[in-house]
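As a plain string of letters, each chain reads:
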There are 4 protein chains.
Amino acid sequence: VRRATEALAAALGAEDCQAQSMPDASPTKWHLAHTTWFFETFVLAVHRRGYTALHPEHGYLYNSYYEAIGERVPRAERGRITRPSLDEVREYRAHVDRQLLDWLSGASAAELAAAAPVIETGLHHEQQHQELILTDVKHLLSLNPLKPVYRKPLAQARAAARDPGRRWISFPGGVVSIGQVPSAGFHFDNEAPRHERLLRPFRLASRLTTCREYLEFIADGGYATASLWLSDGWATVQARRWCAPLYWEEREGAWQQFTLAGLRPIDPDEPVTHVSYYEADAFARWAGARLAGEDEWECAAHGSPDGGNFVESGALHPLPAPDADGLQQMLGDTWEWTQSPYTPYPGYRPPAGALGEYNGKFMCNQLVLRGGSCATPASHIRASYRNFFYPDARWQFSGIRLAQDA
Amino acid sequence: VRRATEALAAALGAEDCQAQSMPDASPTKWHLAHTTWFFETFVLAVHRRGYTALHPEHGYLYNSYYEAIGERVPRAERGRITRPSLDEVREYRAHVDRQLLDWLSGASAAELAAAAPVIETGLHHEQQHQELILTDVKHLLSLNPLKPVYRKPLAQARAAARDPGRRWISFPGGVVSIGQVPSAGFHFDNEAPRHERLLRPFRLASRLTTCREYLEFIADGGYATASLWLSDGWATVQARRWCAPLYWEEREGAWQQFTLAGLRPIDPDEPVTHVSYYEADAFARWAGARLAGEDEWECAAHGSPDGGNFVESGALHPLPAPDADGLQQMLGDTWEWTQSPYTPYPGYRPPAGALGEYNGKFMCNQLVLRGGSCATPASHIRASYRNFFYPDARWQFSGIRLAQDA
Amino acid sequence: VRRATEALAAALGAEDCQAQSMPDASPTKWHLAHTTWFFETFVLAVHRRGYTALHPEHGYLYNSYYEAIGERVPRAERGRITRPSLDEVREYRAHVDRQLLDWLSGASAAELAAAAPVIETGLHHEQQHQELILTDVKHLLSLNPLKPVYRKPLAQARAAARDPGRRWISFPGGVVSIGQVPSAGFHFDNEAPRHERLLRPFRLASRLTTCREYLEFIADGGYATASLWLSDGWATVQARRWCAPLYWEEREGAWQQFTLAGLRPIDPDEPVTHVSYYEADAFARWAGARLAGEDEWECAAHGSPDGGNFVESGALHPLPAPDADGLQQMLGDTWEWTQSPYTPYPGYRPPAGALGEYNGKFMCNQLVLRGGSCATPASHIRASYRNFFYPDARWQFSGIRLAQDA
Amino acid sequence: VRRATEALAAALGAEDCQAQSMPDASPTKWHLAHTTWFFETFVLAVHRRGYTALHPEHGYLYNSYYEAIGERVPRAERGRITRPSLDEVREYRAHVDRQLLDWLSGASAAELAAAAPVIETGLHHEQQHQELILTDVKHLLSLNPLKPVYRKPLAQARAAARDPGRRWISFPGGVVSIGQVPSAGFHFDNEAPRHERLLRPFRLASRLTTCREYLEFIADGGYATASLWLSDGWATVQARRWCAPLYWEEREGAWQQFTLAGLRPIDPDEPVTHVSYYEADAFARWAGARLAGEDEWECAAHGSPDGGNFVESGALHPLPAPDADGLQQMLGDTWEWTQSPYTPYPGYRPPAGALGEYNGKFMCNQLVLRGGSCATPASHIRASYRNFFYPDARWQFSGIRLAQDA
């Protein structure tokens with residue numbers, strides 16, 4: 001996991017790793033340092049006897065939001081911290097990795113058992129930042145009028161494919177269990193406790209919404225029709241003058257989109273991505289459908305095929321759905337906005353200590369997304385995984401799967 | 001209902017009815033006109049043959065948010081429209097009332113049946129604005145350094161009472177029906193369809209949280225303890241420098257609060273009010289509890305006693321709970337923040353036409369409140385009634401009832 | 001003077017006198033009270049033995065900007081103070097007037113001599129607020145989509161006239177004396193000390209710039225040509241999307257303007273008004289000219305004819321220039337932007353005490369305007385009078401006179 | 001000159017050269033590229049036959065404010081352009097330098113004569129950006145909690161010295177000539193035309209205001225005394241909570257300041273720097289003095305000694321004044337705020353073409369500073385040189401020299 005993070009940064013120069021394009025995004029250099037600080041602070045400093053931080057004064061720079069750990073550089077100002085340099089941060093990573101490996105090789109079984117949960121959390125935490133490195137760099141590079149390329153896609157990744165069309169898959173509802181089975185491996189605190197819900201019959205679209213479908217919504221005046229939008233969504237569309245997904249631009253009458261491989265024409269067979277919740281919701285209303293509840297989605301996902309277009313494919317962009325039976329693209333390609341506000345599961349308790357700030361305090365004003373994306377590591381995602389963003393966020397690989405009452 | 005609105009405005013001068021204290025609030029003059037425009041637009045113009053609006057060009061001034069009806073004065077600028085004058089708006093009200101009564105007296109049974117639903121909606125809509133007149137005027141007068149009085153409370157309303165203390169009332173949960181029974185009288189579209197939910201056992205506090213309890217939270221550093229707050233709540237507390245509920249101010253070491261009867265000392269036995277969702281949530285966490293789900297609340301409310309401190313009591317402020325068995329203050333006194341985001345019920349469909357904008361488009365980013373307040377007309381409230389506000393709103397009579405897992 | 005203020009407010013209702021349309025403008029009710037507070041605070045409280053303020057707590061409401069006098073309601077929030085009512089403010093005016101007259105009738109010669117300067121300042125101060133009542137009400141009414149009328153112009157005031165055309169009047173420059181002659185009657189502190197300046201030969205346009213000329217500037221793309229504008233002006237034009245003077249609007253291809261008599265077509269023979277400094281400067285550049293220095297203007301004004309279109313004419317709008325020799329419209333019609341930043345004259349000293357805040361502290365970031373307008377009382381203006389506003393201000397009756405190097 | 005720019009950047013890493021700390025400041029990388037673009041655009045593209053820009057699409061990135069040259073990256077977003085990299089910008093510099101030298105070595109006398117003025121302007125323009133590199137980097141590094149060092153001062157530069165104390169030097173005034181003598185070498189357009197002014201007798205402080213004096217102002221409550229401040233200055237002090245010059249911070253009761261050599265204690269003998277016009281003006285009022293007019297300053301500077309603490313000294317910070325007769329520190333150490341708004345000299349005409357945007361369009365809302373600073377190249381400054389900034393700007397090496405009427 002640690003090496004994968006560095007591989008993502010390998011294509012970037014010191015300048016690319018320094019800049020911050022907006023308050024929601026962070027510099028790659030900061031991601032590299034923060035994920036390391038996590039291990040230093042929550043593993044080494046706690047579990048390794050006599051360990052002292054390499055540069056204690058840097059904790060202030062690399063803390064993200066842990067109030068319990070103390071003051072920190074305001075999020076919007078991370079791009080102004082030019083020292084330590086990228087090279088120094090790389091040395092910091094190597095130092096902490098060495099210290100961790102040293103300690104792991106000499107730790108007792110009891111020590112290892114005590115540290116294992118937070119090490120595991122640290123690795124999953126680092127995978128989250130791997131995805132953010134890609135989405136934050138994409139946003140940064142998109143602002144450059146030269147439209148630079150992060151990485152050309154691997155040859156095999158972009159094999160041409162045609163959209164097989166949308167079908168509806170029905171589910172009976174009833175009382176279903178939601179949340180991660182405690183024994184089923186790692187999960188974040190927000191996936192627990194597993195509990196029962198009462199669902200009505202519903203159906204889901206067999207694959208993600210395509211650019212072709214979304215272009216029809218645009219052509220039909222979707223962005224100019226108030227009755228399709230939530231009130232807050234309509235206000236947002238007007239204030240920010242949205243008329244297409246993020247990264248789309250019309251040049252000489254044809255829609256182009258900026259990708260991690262640079263600017264290229266829209267492929268109508270691909271899933272639409274970089275839409276906000278407001279756009280996903282308005283599109284669904286236009287299409288005579290709705291978005292799924294997160295419980296419906298999770299219930300359906302348990303029977304869907306494994307595999308998918310994750311970061312390992314090298315495509316770094318969603319791909320057309322396979323032409324196959326059953327639900328496709330539930331995992332990978334794009335995160336799927338659900339209609340579910342991000343709230344605690346019944347009986348939810350945040351962990352004790354600073355890690356208790358990991359999830360619980362964000363359970364307000366955000367919506368749940370499910371399923372991972374083309375920027376998510378394959379080993380990071382699962383059916384019970386809950387991601388969450390504000391309804392106006394568009395810089396993640398977020399897309400649309402339609403749902404309906406059955 | 002129409003006369004009750006005018007009675008609320010009777011204590012106000014033309015200046016009081018003109019001013020707008022913030023974008024969320026509206027001038028009383030506007031409330032008087034808008035509720036009349038509702039009847040003129042949705043009843044007279046539709047159902048009365050040959051009716052033309054008294055001042056067609058005023059529709060632009062009095063439309064609130066109906067995109068389908070056309071352009072309108074931006075909400076924040078209502079206080080800048082000085083003409084028509086208050087007297088002219090009163091004439092407008094009288095004119096529309098006369099027209100309505102004339103038409104009602106001559107309409108056929110079929111005509112009446114066609115118009116009845118929208119007339120009923122118009123009356124309930126007007127009751128909503130009655131409550132807003134009180135909360136908006138309270139906010140406006142609170143900004144005046146002279147701390148003027150809207151109305152002295154009726155003598156009997158302020159009978160001294162002591163807080164009987166908090167007990168916990170348990171509920172078994174299970175599959176419960178939520179939403180208004182279709183045959184049970186008027187309800188708004190957002191209370192339907194009635195549907196089943198699966199609840200876990202829970203308990204509710206027997207009465208609203210008191211000022212005494214809230215003062216303990218303040219004294220314990222509640223407003224300065226990050227770990228008690230949702231992330232967005234903590235950011236709000238810091239940005240707006242909140243350190244007490246709205247309308248509270250410390251003068252020479254003692255807490256005072258501004259009421260519709262002017263500034264007076266905090267009564268520790270009274271329910272705390274004018275708190276945001278963030279404050280209600282933080283208080284509950286501090287108290288080792290949580291807020292109720294709206295389904296839990298509704299399930300519990302069906303068995304609770306009738307009556308309560310509504311606008312008709314003349315108190316215009318929440319009162320200490322009665323010393324009695326069972327749940328108290330479920331209706332009246334203060335709206336109760338629930339932990340439920342405001343979302344559509346399964347199978348919800350907004351009505352056709354412009355009135356379809358009444359509720360559905362607001363189902364994002366807001367939280368449900370239940371139970372009505374001391375500013376709500378008694379005939380307006382019911383167990384299934386869903387009110388909703390943004391989590392930072394404080395100018396309504398909003399309060400706190402604690403809940404716990406059983 | 002006191003009666004003239006009340007006459008201006010006589011055409012307004014309590015609602016009109018209550019509302020505040022923007023932070024730069026104040027409610028008429030506030031103007032009525034503030035000018036009275038000035039006499040109460042600086043005359044009665046200082047000079048009348050035993051006088052105590054009628055409502056001491058109102059001082060907080062009516063102080064404008066005198067830091068030395070203490071706290072005050074923030075300027076932008078004056079429109080939210082609904083009590084005292086307009087009627088109560090009128091009683092306050094009557095009370096203070098009676099008290100002043102009582103005291104004047106019994107005061108000794110020494111007492112009168114001590115109070116005379118501040119009484120005279122108070123009257124000139126009130127005349128300034130008379131002009132502001134008109135410009136502030138004009139701005140307020142302009143926001144009402146009904147475009148209401150403040151007052152129909154007097155019949156004789158709007159006698160048709162044709163623009164006589166622009167001629168250039170030359171002046172030799174040299175060493176000239178600027179500033180009010182100390183013995184020549186009342187003047188504000190900013191008009192002193194009289195001092196000498198060295199001027200180069202220059203010439204002034206014989207009359208104000210007309211709407212016809214300004215329409216040519218618009219038609220020639222003046223608002224879209226960056227090279228005509230100061231950098232800050234160009235940024236302002238783009239940010240606020242200016243494309244014409246304030247109160248102009250294009251309806252069905254024809255320019256209309258809102259006046260105190262309602263909306264009416266542009267008269268091309270009239271002087272253009274409600275332009276910012278940026279627009280005046282850009283227009284002058286487009287016309288191959290510049291604005292005058294305030295010293296040039298004052299030097300020229302001393303020989304120009306008396307009379308002019310002041311508030312007493314009842315036109316309440318600038319009128320076409322007379323067809324006569326020499327400089328026309330130097331006084332009245334519109335204030336004339338000069339190219340002179342508002343700075344202290346050499347040797348300037350503000351008066352001692354709170355009245356020292358009257359002018360000096362504003363001598364930064366503003367530009368001098370000269371000559372008075374159609375909203376200025378005739379007895380208020382003189383050649384040495386210095387008015388000043390920020391370069392983006394447009395709600396005063398501000399216009400353009402061209403100048404050139406000779 | 002070109003090499004000096006690169007020497008200033010030599011101490012900086014790619015990260016330091018990438019980041020932009022505020023809209024007023026630019027990344028060093030941008031300064032390096034923009035100054036090169038100036039030569040490419042205004043010299044090579046105009047004068048060298050057949051020259052085409054190395055990367056034509058980069059013009060969009062490097063244009064600063066020339067509307068005539070076309071669109072450009074908004075100023076505040078320069079820090080988000082990570083490519084081209086610093087190395088690529090250095091190659092761009094080398095390429096343009098080679099092209100220039102090639103062309104110069106082969107150009108005819110007529111060609112050279114045609115290009116000489118713009119080459120000379122380009123070199124002076126680059127010197128302006130040399131100073132900005134230092135002030136912008138200082139601001140950037142100051143935001144880093146680690147308080148990093150740009151460069152240690154040269155040993156000899158920081159020789160200890162004591163403030164010799166302030167004396168007053170008198171000048172008789174009269175008719176004086178202001179502006180650069182046309183034959184006296186290079187000057188910017190805003191220093192012309194030379195013209196006569198009438199000055200009254202005045203005196204100037206013999207040296208810049210020291211930190212000791214400024215600490216007295218602070219200790220005397222200067223930042224909390226409204227009557228000392230211009231109205232806009234007082235509003236700024238309160239809104240930004242200023243209580244000392246930029247880069248000053250109180251740690252454990254002692255004032256420290258951030259310098260290009262890191263954080264160190266205030267030396268009371270040094271000139272105070274990084275003050276706004278508002279602070280300079282308030283300090284002068286507190287001291288019973290005023291700031292000089294730019295004409296007074298220029299008149300006095302012509303007789304003052306040569307030399308001074310410029311960028312070549314290596315101090316990169318103002319130094320205590322020499323103990324010598326006459327005016328000291330007129331050139332170098334800190335820019336001196338004058339009380340003169342930045343306006344055109346009588347008869348000023350901007351040059352034709354795009355370079356006409358160099359100065360004229362900024363002649364509004366700014367104040368003139370004179371004399372250069374410890375970050376100014378010695379060959380760049382002269383008595384007639386006019387610098388200008390907004391009154392709230394503090395990140396330049398700006399200081400205070402007192403003046404008085406004689």
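Being a predicted model, the structure only gives us computed values, none of them experimental.

*Asks:* Pulling in residues and values, what's your account of the packing of helix 7 (residues 211-219) of chain A against helix 9 (residues 277-286) of chain A?
*Replies:* Residues and elements named next belong to chain A. Put simply, helix 7 and helix 9 touch, their axes get as near as 11 Å, and they point 80° apart. One finds that helix 7 runs roughly perpendicular with respect to helix 9. Contacts from Glu213, Tyr214, Glu216 and Phe217 in helix 7 reach Glu279, Ala282, Phe283 and Trp286 in helix 9. Looking at the contact of helix 7 with helix 9 residue by residue, the class counts come to five nonpolar, no polar and three charged.

*Asks:* Tell me about the environment of Glu126(A), and name the residues and values.
*Replies:* All names here are of chain A. Its location among the elements puts Glu126 in helix 6 (residues 109-142). Distance from Glu126 to Gln366, taken between C-alpha atoms, is 22 Å for residues 240 residues apart in sequence. Of note is the side chain of Glu126, whose polar atom sits 2.7 Å from the side chain of Thr5.

*Asks:* I'd like a rundown of the relation of the copies chain A and chain D, residues and numbers included.
*Replies:* Once chain A is rotated about the relating axis by 180° and shifted along it by 0.0 Å, it coincides with chain D to within an RMSD of 0.0 Å. A rotation of that kind, with that shift, is consistent with a two-fold axis. A high fraction, 100%, of the interface residues of chain A reappear at the interface in chain D, so the copies pair face to face through one surface.

*Asks:* Describe the pairing of strand 9 (residues 335-341) of chain D, with residues and values.
*Replies:* All names here are of chain D. Along strand 9, five of the seven residues are buried, which leaves the element largely enclosed by surrounding structure. Inspection of the sheet shows strand 9 paired to strand 12 (residues 398-399) by two bridges, in the parallel sense. Bridge assignment links Glu336 to a residue of strand 12, and that residue is Gly399. As paired elements, strand 9 and strand 10 (residues 367-370) share three bridges and run antiparallel to each other. From the neighbouring strand, Trp337 faces strand 10, where its bridge partner is Leu369.

*Asks:* Tell me what's going on with the packing of helix 3 (residues 28-47) of chain D against helix 6 (residues 109-142) of chain D, and back it up with residues and numbers.
*Replies:* All names here are of chain D. At a minimum axis separation of 9 Å, helix 3 and helix 6 run at an interaxial angle of 175°. Accordingly, the angle class assigned to the pair helix 3 and helix 6 is roughly antiparallel. Broken down by class, the residue content of the contact of helix 3 with helix 6 amounts to 13 nonpolar, nine polar and two charged.

*Asks:* Give me the pattern of salt bridges: which residues, what numbers.
*Replies:* All told, the structure shown has 107 salt bridges over all chains when counted by the stated rule. Ionic pairing is found between Arg2(A) and Asp97(A), a salt bridge with its closest N-O pair at 2.7 Å. Of this pair, Arg2(A) sits in helix 1 (residues 2-9) while Asp97(A) sits in helix 5 (residues 86-106), placing them 95 residues apart in sequence. Between Glu67(D) and Arg72(D) there is a salt bridge, with its nearest N and O atoms 3.1 Å apart. One salt-bridge network, held together by shared partners, links Arg2(A), Glu6(A), Arg93(A), Asp97(A) and Glu126(A).

*Asks:* Describe in detail the interface of chain A and chain D, supporting the description with residues and values.
*Replies:* At the junction of the two partners, chain A supplies 31 residues and chain D supplies 31 residues. Interface area, chain A with chain D, both sides summed: about 2300 Å², of which 59% is carbon and sulfur. Sorting the residues of chain A by area buried against chain D places Glu15(A), Arg80(A) and Arg83(A) first, and these three jointly supply 32% of that buried surface. Taken together, the links from chain A to chain D amount to two salt bridges. Among the ionic pairs, Asp16(A) bridges to Arg83(D), the shortest N-O distance being 2.9 Å. Among the secondary structure elements, those contributing two or more residues to the side of chain A that touches chain D are helix 2 (14-18), helix 4 (59-62) and helix 6 of chain A. Counting residues per element, the side of chain A that touches chain D draws most heavily on helix 2 of chain A, which supplies four residues. The residue makeup of the side of chain A that touches chain D, split by class, is 17 nonpolar, eight polar and six charged.

*Asks:* Explain a nonpolar patch on the surface residue by residue, including any values.
*Replies:* Residue and element names in this part refer to chain A. Taken together, the side chains of Leu101, Leu104 and Leu112 present a nonpolar region at the surface, about 240 Å² in accessible area. As for its position among the elements, Leu101 is in helix 5. Taking the relative accessible area as the measure of exposure, Leu101 reaches 56% and is therefore exposed.

*Asks:* Give me the packing of aromatic side chains: which residues, what numbers.
*Replies:* For any pair of aromatic rings, geometry is given as the distance between the ring centres together with the angle between the planes. Under the defined criterion, the tally for this structure stands at 120 aromatic pairs over all chains. Relative to Trp337(C), the ring of Tyr277(C) has its centre 5.7 Å away and its plane inclined at 65°; by these criteria the two rings are edge-to-face. In this pair, Tyr277(C) is assigned in helix 9 (residues 277-286) and Trp337(C) in strand 9 (residues 335-341), connecting sequence segments 60 residues apart. Note on Tyr277(C): relative accessible area 5%, which makes it buried. Ring geometry for Phe38(D) and Phe42(D): centres 4.9 Å apart, planes at 65°, overall edge-to-face. With Phe38(D) and Phe42(D) both in helix 3 and four residues apart, this pair spans about one turn of that helix. With respect to class, Phe38(D) is no different from Phe42(D); both count as buried. Among the aromatic residues, ring-to-ring pairing joins Trp37(A), Phe38(A), Phe39(A), Phe42(A), Tyr65(A), Tyr66(A), Tyr342(A), Phe362(A) and Phe388(A) into one connected group. A cation over a ring is seen here: Arg394(C) above Trp242(C), with NZ or CZ 4.0 Å from the ring centre. Taking the ring centre of Phe258(D) as reference, the NZ or CZ of Lys147(D) above it sits at 5.6 Å.

*Asks:* Residue-level account of the nonpolar core, with values.
*Replies:* In terms of nonpolar packing, the biggest core is built from 108 residues, with Tyr150(C), Leu204(C), Tyr214(C), Phe217(C), Trp229(C), Trp337(C) and Ile400(C) touching the most fellow members. Ranked by residue count, the leading element in this core is helix 3 (residues 28-47) of chain C, at nine residues. With sequence-adjacent residues up to four places away left out, Trp229(C) is seen in contact with Phe217(C), Gly222(C), Tyr223(C), Trp234(C), Val237(C), Tyr278(C), Glu279(C), Ala282(C), Arg285(C) and Lys361(D).

*Asks:* Can you tell me about helix 8 (residues 231-240) of chain D, naming the residues and giving the values?
*Replies:* Residue and element names in this part refer to chain D. By the burial criterion, the buried members of helix 8 are Asp232, Gly233, Trp234, Thr236 and Val237. Here the buried face of helix 8 lies against helix 9 (277-286). Phi for Arg241, located one or two positions after helix 8, is positive at around 55°.

*Asks:* Tell me about the sheet that holds strand 13 (residues 402-405) of chain B, and name the residues and values.
*Replies:* Residue and element names in this part refer to chain B. Across the sheet, which stays open at both edges, the four strands sit in the order 1-4-13-8 with antiparallel pairing between neighbours. The two strands at the open ends of the sheet, each matched to only one other strand, are strand 1 (168-171) and strand 8 (290-291). Bridging between strand 1 and strand 4 (residues 202-205) involves four bridges; their strand directions are antiparallel. Across the sheet, the residue bridging to Trp168 is Ala205, located in strand 4.

Calculation rules
Residues numbered from 1 in each chain as written. Chains lettered and ligands numbered in written order. Predicted model: local features only at pLDDT ≥ 70, side-chain atom pairs only at ≥ 80, totals over all residues. Heavy atoms only, no water. Axes fitted to C-alpha atoms, helices over the stretch in contact; angles between N-to-C directions. Helix = DSSP H or I, 4+ residues; strand = E, 2+ residues; numbered from the N terminus. Parallel < 35°, antiparallel > 145°, perpendicular 65-115°, else oblique. Contact = heavy atoms within 4.5 Å. Nonpolar A, V, L, I, M, F, W, Y, C, P; charged D, E, K, R; others polar. Polar contact = N/O pair within 3.5 Å; in protein donor to acceptor, adjacent residues only side chain to side chain. Least-squares fit on C-alpha atoms with pLDDT ≥ 70 in both. Buried < 20%, exposed > 50% of the residue type's maximum accessible area, 1.4 Å probe, protein only. Pairing = 2+ DSSP bridges. Salt bridge = Lys/Arg side-chain N within 4 Å of Asp/Glu carboxyl O. Buried area = accessible area lost by both parts, 1.4 Å probe. Patch = residues over 30% accessible without salt bridge, like charges linked within 9 Å, V, L, I, M, F, W, Y side chains within 5 Å. Areas by Shrake-Rupley, 256 points an atom, 1.4 Å probe, with all protein chains shown as cover. Phe/Tyr/Trp six-rings, centres within 6.5 Å; stacked < 30°, edge-to-face > 60°. Lys NZ or Arg CZ within 6 Å of the ring centre and 35° of its normal. Core = buried A, V, L, I, M, F, W, Y, C linked by side-chain atoms within 4.5 Å.

Purely spatial values, then, with no claim about function.
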